[in-house]
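Letter by letter, the chains look like this.
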Protein chains: 2
Amino acid sequence: MQRLCVRFLCGFRVRHFCSQPGLSWPNIELRGKVDKFGGVTVRLEPSHNLGEAVFETWLHESVKQWRAAGRIAVWLHIPIMQSRLISIAASEGFTFHHAERNESTLTLWLKDGPSKLPGYATHQVGVAGAVLDEDNGKVLVVQDRNKTVNAWKFPGGLSDQGEDIGATAVREVLEETGIHSEFKSLLSIRQQHNHPGAFGKSDLYIICRLKPLSYTINFCHQECLKCEWMDLQELAYCSNTTIITSRVAKLLLYGYNEGFHLVDLTMRTFPAVYSGLFYSLYHKELPETYEGSATLL
Amino acid sequence: MQRLCVRFLCGFRVRHFCSQPGLSWPNIELRGKVDKFGGVTVRLEPSHNLGEAVFETWLHESVKQWRAAGRIAVWLHIPIMQSRLISIAASEGFTFHHAERNESTLTLWLKDGPSKLPGYATHQVGVAGAVLDEDNGKVLVVQDRNKTVNAWKFPGGLSDQGEDIGATAVREVLEETGIHSEFKSLLSIRQQHNHPGAFGKSDLYIICRLKPLSYTINFCHQECLKCEWMDLQELAYCSNTTIITSRVAKLLLYGYNEGFHLVDLTMRTFPAVYSGLFYSLYHKELPETYEGSATLL
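What counts, and where the lines are drawn
- In every chain, residue numbers begin from 1 and rise along the written sequence.
- Labels follow written order: the first chain is A, the first ligand is 1, and so on.
- Confidence filtering applies because this is a predicted model: local features only for residues at pLDDT of at least 70, side-chain atom pairs given and counted only at 80 or more, and all residues used for totals across whole chains, interfaces and linings.
- To obtain the side-chain values, all non-hydrogen atoms of the structure were included, while hydrogens and water were left out.
- Working definition: helices are DSSP H or I runs of at least four residues, strands are E runs of at least two. Numbering for both runs from the N terminus.
- Only heavy atoms matter for contacts: two residues are in contact if any of them lie within 4.5 Å across the pair.
- Under the convention used here, a 1.4 Å probe and the Shrake-Rupley method define accessible areas, while residue burial counts only the protein chains that appear.
- A quick way to say it: buried area is the sum, across both parts, of accessible area lost when two parts are put together, with a 1.4 Å probe.
- Should a side-chain nitrogen of Lys or Arg be within 4 Å of a carboxyl oxygen of Asp or Glu, the pair is scored as a salt bridge.
- What qualifies as a polar contact is a pair of N or O atoms within 3.5 Å, subject to a donor-acceptor requirement within protein and to the restriction that residues adjacent in sequence count only when both atoms come from side chains.
- Any two strands with at least two DSSP bridges between them are considered paired.
- Between 30 and 60 degrees the pair is tilted, below 30 it is stacked and above 60 it is edge-to-face, where a pair is any two Phe, Tyr or Trp rings, Trp via its six-membered ring, whose centres lie within 6.5 Å.
- Remark: exposure states derive from per-residue accessible area (1.4 Å probe, protein chains only) relative to the maximum for the residue type, with buried under 20%, exposed over 50%, and partly exposed in between.
- Placement of a positive charge over a ring is assigned whenever Lys NZ or Arg CZ falls within 6 Å of the ring centre and within 35 degrees of the normal to the ring plane.
- Here the copies were fitted onto each other by least squares, based on C-alpha atoms from residues at pLDDT of at least 70 in both.

## Digging into the overall build of chain A
Counting its secondary structure elements, chain A contains six helices and 15 strands. The long-range share in chain A, meaning contacts at least 24 apart out of those at least 6 apart in sequence, stands at 61%. Carbon together with sulfur atoms contributes 51% to the accessible area of chain A, which is approximately 12,400 Å² in total.

Given below as structure tokens:
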């Protein structure tokens, strides 16, 4: 499905819509901007001091005008201290698109059929680190505190916003176990919908292979009941662990015995096409004979 | 970092907190529930008809009581039609945790230091399908409409909430090109932060290997400028494509020439430990000699 982008806004005055005979308007400083898809964005500022009646009439008339002008949707950004205006927008048909910290964003689809506006983030990302000491074949495992079943697992936790997958693994391993490590590769990905604790959203749980940079365990007793270096073979075939930990332990054992190139997704960083930002790309290592030198977009 | 879970609520009456000398309370039906971490959850119902002054005094007094009782945080769920109460909560220090459709959720951290409450979803997930016809080595590619640069890429788009990675790939390929296909494997993952169009969130872009079930192209002219079956070798080394498409084309060529087991992350479905739900796990295929039969948690 084609979802609509909200970038590349070009501005004009919403007030323009409201200068109609029979309606007298206060000096509303609201600005509406039309994006290249024909959506209108209105951003209320904390400095705006709109009466509810004025906003209600203005919004009602503006929506009529936007429909008449063939606009496809409205994006309405409301500072938290002006949230009394939200229920007025809701009466006009707006619903929450998302909200964070001190602002909420509401949308109204103006065309027939279901909204084609892009949704908000759908996944939280959790990352665990399988720290393997290649000198002795031992891997770092923990047992969570406050669990009904004590299962061995790899230390890990949720990514912070903007944090790279490998950085989360290294940080969580250090916080939980006191072990310093470095990212080597990505081993597995689990997708779980309606994940408990994800507020109705989905969860991606990624397990990375890490190399230890220190060896003395100093684990977080708030989080962990136990923490130890366990023989990889033992973890791969013991019963008091989770399916994922067991499968990844077997995968790690396979790589340890026969070469990590068989199980690793390695990471490379590249510049993004338009934004000037960088991204990380993970896949099986590509043999040099397949590497090309064409200048790409 | 240990983030706090919001499951396993045990209920008691918030009103209990408010029965103090010197304060007369209307019959507030608000219920507060304490979770196992010591957080309090208050859920306003659309049926509640609270005056703003009553809510303000009640919330202020309740927060004092919760602090005194050693509670760590408050979760406040507010129906959209009662959003006039949000700015009152904001004056008490609450901020938005998230909002969707007809409800917003605000939180207040009651302890010292930064909040340890779990965040909301941080990633959108986009999926593309590399549909390879193994009989002739041709792969299905498109050029997006409305782009400043016309680059060949694999058809794809954003996952809907609750949609499996493979299902998104198959759906998007069908919607954009008219080609029916089936999921074979996961080939690569890209992580991009501050992704344009992701509302400040991050983007995971996953490319899957698909097998065609039909061959006659009937592409969506709204979304695509061009769509064709292109020789995989040509795509892997042509210049008018993106870095990711080129690298995945080379990876696909490597698999096509020397065996897809070298590049595929295969998918298996397993039951979740506690929730009774199922999840999908992706990693390199594990040789049978490494498979074990222990009964796991």
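There is more to say after this.
## Details of the interface of chain A and chain B
Accessible area lost upon the coming together of the parts is a frequently used measure of interface size. At the junction of the two partners, chain A supplies 115 residues and chain B supplies 115 residues. Together, the buried faces of chain A and chain B total about 10,000 Å²; carbon and sulfur atoms form 60% of this surface. Taken together, the links from chain A to chain B amount to four salt bridges. Where chain A meets chain B, there are 36 residue pairs in polar contact (both at pLDDT 80 or more). By residue number, the principal contributor to the side of chain A that touches chain B is helix α6 (residues 243–258) of chain A, which donates 10 residues. Bridge analysis of strand β15 (residues 278–283) of chain A against strand β11 (residues 181–192) of chain B gives four bridges, and the strand direction is antiparallel. The residue bridging Tyr 282 of chain A from the neighbouring strand is Ile 189 of chain B, located in β11 of chain B.

## What about the packing of aromatic side chains?
As enumerated under the stated definition, the model contains 16 aromatic pairs over all chains in all. Ring plane angle 55° and centroid distance 5.2 Å describe the contact between Tyr 290 of chain A and Tyr 254 of chain B, whose orientation is recorded as tilted. Of this pair, Tyr 290 of chain A sits in the segment after β15 while Tyr 254 of chain B sits in helix α6 (residues 243–258), on two different chains. Pairing Phe 55 of chain B with Trp 58 of chain B gives two aromatic rings, centres 5.9 Å apart and planes at 35°, and the pair type is tilted. Of this pair, Phe 55 of chain B and Trp 58 of chain B both sit in helix α2 (residues 52–68), three residues apart, which is roughly one turn of that helix. Look at Trp 58 of chain B and you get buried, because its relative accessible area is 1%. Among the aromatic side chains, those forming a connected cluster through ring pairs are Phe 55, Trp 58 and Trp 66 of chain A. One Lys or Arg, Arg 190 of chain A, reaches over the ring of Tyr 279 of chain B and ends 5.6 Å from the middle of that ring.

## Details of the relation of the copies chain A and chain B
Superposing chain A onto chain B takes a rotation of 180° combined with a translation of 0.0 Å along the rotation axis, leaving an RMSD of 0.0 Å. When the rotation and shift are considered jointly, the pair of chain copies conforms to a two-fold rotation axis. Among all residues of chain A, the one whose C-alpha sits closest to the rotation axis is Arg 84 of chain A, at a distance of 1.9 Å. When you check the interface residues of chain A against chain B, 100% turn up at the interface there too, and the contact is symmetric in its surfaces.

## A few points about the environment of Met 267 of chain B
Residue and element names in this part refer to chain B. Its place among the elements puts Met 267 in strand β14 (residues 266–271). For Met 267, a relative accessible area of 34% translates into the label partly exposed. Along the sequence, Met 267 and Ile 72 sit 195 residues apart, while their C-alpha atoms lie 40 Å from each other. When neighbours within four sequence positions are excluded, Met 267 is seen to be in contact with Phe 183, Ser 280, Leu 281 and Tyr 282.

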